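# Overview (structure and organization)
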Amino acid sequence: MKKFLQYFIVVLLLLSLLSACGAKTDSVLNKIKTDGKIVVGTSADYAPYEYLDEAGNKTGFDIELMEEIGKRMGVTIEWQDMPFDSLVAAVASGKLDMSISCFNYDEERDLTVDFSEAYYTTEDAFVVSSAFAGEFNVPEDAAKYKLGVQSGTMQDDWITENLVNAGLMPEANLSRYERVDQVALDLLAGRIDIMMADHLPVLEIAKKNPDLKIVYQGELSTGPINIVLPEGDTAIKKEIDKVIKILQDEGFIDELAKKYFSE
Amino acid sequence: MPVIRQELKGENLDFLTLLRYIASGTAYTFGVTVIALPSGLLIGTLLAFLYVYGGKGIGKVMNVYSTVMRGIPPLVLLFLLYFVVSKGINLSGFWAGSISLGIVSSAYQMEIIRGALLSVGNDQLMAARAVGLSRRQAVINIVLPQALRLAIPPWSNEAAIIIKDSSLVYALGVPEILRRAQLIGASTHQPLLAYLSAALIYFVLVTVTNRLLNLLEKKLTVPSNH
């Protein structure tokens, strides 16, 4: 076993050596201008921010906003769908130029990537099914029940820090899922009592499932949402921030919010 | 049952559209399999030869290769190749996935071929040497043809595993069957239908592949073996 470990470490070292060869210093902005396109990652399973329409095309608040940003920069957008968990790593490793997927600012994410200025603000929600008979007055009440959340999200961090690590609930009572619709399914199936998620996407799900009820809405873990950019790339950040500012001043983003977020 | 019925009654649902959308991911599943499986076979067969006939030192190296590659979850290797190694060389998710599955599979296929080579036995090799064939001729003309036949049943198992493991490339955003089922399931709020469709497609792919390999096995059976 010891020998195996030695071999394993040698292999890992070789891999990291290989990866070190690929360090780059050039701004993504230059690449975007020469190629005439931005490779943007998104996880298109998060209505109303990013999802597929009936024809199977990507649509949503983030999608339309990014298309407009590209237009203002005079370039096209090349969309790359990817599971949410993989997006930050893909921007950090240069596989994507940037990613827009309802990202909140987060210190851990900030270690490997940068964030644009905020383009919108989101809220959290707690949701129960109609079978729920318990009491829910303050967010901390969630600790008394079996709780579900999408893994790697701000809500996941909030629960882990404020409920699990604070000793209010055992970790065994928290279920983490890859996507938000899976959390809602398990809530409907009765395997969890309550779920925490971004307000708008879960509202979208609740609209189609009358058995789901939003019992709390407010800013706990979330807040401003930003575009994820390559680490330390000031040129691209400046450009994106500038376009976001213009679109905010023109009222474009408010119009977009009205289109996608009004009930 | 009531759940399924409710799912099927969903409003803007067009089952054929959904199935067609998911099924169009088959091209990627097929592509990954067609790259990973044969390259794994080629490398695996070469390594198996080295393992069995290459002497003690080489055998040990092969043993380590096999242990390491079979010990790493394919998804970890996939992430290593896509996010770490291919920072310099720009490898697409599709190729990173196909290559890492090919590497993992080569270790399994090496063990399959090695087992087959060993089960043909040394007697055959000795007999071939006795009638005047060189060692190389004996291995290639006498042992290998029998070994490959013996390897078909376990190999068809490996083929089924690769077809299903090809779904792992979804983690890199390759729009294959599973990722498409996730997307359409999320946007139509019909996850049950989406995943059932994906399961159906995989089932058909694996069954057809195994049937074809069964036919091949029957065709290649040496009558005297029975």
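Structure shown above.
Because the structure is a prediction, the values reported are computed rather than measured.

## Quick look at the pairing of strand β5 (residues 98-104) of chain A
Residues and elements named next belong to chain A.
- Summarising burial for β5: 7 of the 7 residues are buried, a large majority.
- Looking at chain direction, strand β1 (residues 37-42) and β5 are connected through 2 bridges and run parallel. Note on β5: the bridge partner recorded for Val40 is Met98.
- As paired strands, β5 and strand β13 (residues 224-230) are joined by 3 bridges and run antiparallel to one another. Bridging from a neighbouring strand, Asn104 pairs with Ile225 of β13.

## Let's talk about the environment of Ile99(B)
- Within the fold, Ile99(B) resides in helix α6 (residues 93-120).
- Taking the C-alpha atoms as reference, Ile99(B) lies 34 Å from Val222(B); in sequence the two are 123 residues apart.

## Some words on unusual backbone geometry
Residues and elements named next belong to chain A.
- Cis geometry marks the peptide bond from Ala47 to Pro48, where omega comes out at 5°.
- Relative to the elements of secondary structure, Pro48 occurs in the loop between β1 and β2 (51-52).
- A positive phi angle, near 55°, is found at Cys102, a position not held by glycine.
- Turning to its location among the elements, Cys102 is positioned in strand β5.
- Classification of Cys102 by C-beta neighbours within 10 Å gives buried; the count is 24.

## Remarks on the nonpolar core
- Core analysis: the biggest nonpolar cluster contains 126 residues, and Met98(A), Val127(A), Met195(A), Val228(A), Ile22(B) and Leu78(B) have the highest contact counts within it.
- Of the residues forming this core, the biggest block, 13 residues, is contributed by α6(B).
- Not counting residues up to four positions away in its chain, the partners in contact with Val127(A) are Leu187(A), Ile194(A), Met195(A), Ala197(A), Val202(A), Ala206(A), Leu212(A), Lys213(A), Ile214(A) and Val215(A).

## Observations regarding the packing of helix α3 (residues 61-73) of chain A against helix α9 (residues 234-249) of chain A
Residues and elements named next belong to chain A.
- The geometry of α3 relative to α9 is characterised by a closest axis approach of 10 Å and an angle of 110° between their N-to-C directions. Relative to α9, the element α3 lies roughly perpendicular. Contacts from Glu68, Ile69, Arg72 and Met73 of α3 reach α9 at Glu239, Ile240, Val243, Ile246 and Leu247.
- Of the residues in the contact of α3 with α9, the class split is 6 nonpolar, no polar and 3 charged.

## Observations concerning the packing of helix α3 (residues 26-53) of chain B against helix α4 (residues 55-71) of chain B
Residue and element names in this part refer to chain B.
- It is at 7 Å that the axes of α3 and α4 come closest, and there the two elements cross at 135°. As far as their axial angle goes, α4 and α3 are oblique. Seen from above, α3 lies across α4 with left-handed handedness. Contacts from Leu47, Leu50 and Tyr51 of α3 reach α4 at Ile58, Gly59, Met62 and Tyr65.
- Here the residues of the contact of α3 with α4 are counted per class, giving 6 nonpolar, 1 polar and no charged.

Thresholds, definitions, all that
Residues numbered from 1 in each chain as written. Chains lettered and ligands numbered in written order. Predicted model: local features only at pLDDT ≥ 70, side-chain atom pairs only at ≥ 80, totals over all residues. Buried ≥ 20, exposed ≤ 12 C-beta atoms within 10 Å, placed from the backbone. Helix = DSSP H or I, 4+ residues; strand = E, 2+ residues; numbered from the N terminus. Pairing = 2+ DSSP bridges. Core = buried A, V, L, I, M, F, W, Y, C linked by C-beta atoms within 7 Å. Contact = placed C-beta atoms within 7 Å. Axes fitted to C-alpha atoms, helices over the stretch in contact; angles between N-to-C directions. Parallel < 35°, antiparallel > 145°, perpendicular 65-115°, else oblique. Nonpolar A, V, L, I, M, F, W, Y, C, P; charged D, E, K, R; others polar. Left-handed = near helix turned anticlockwise from the far one by under 90°.

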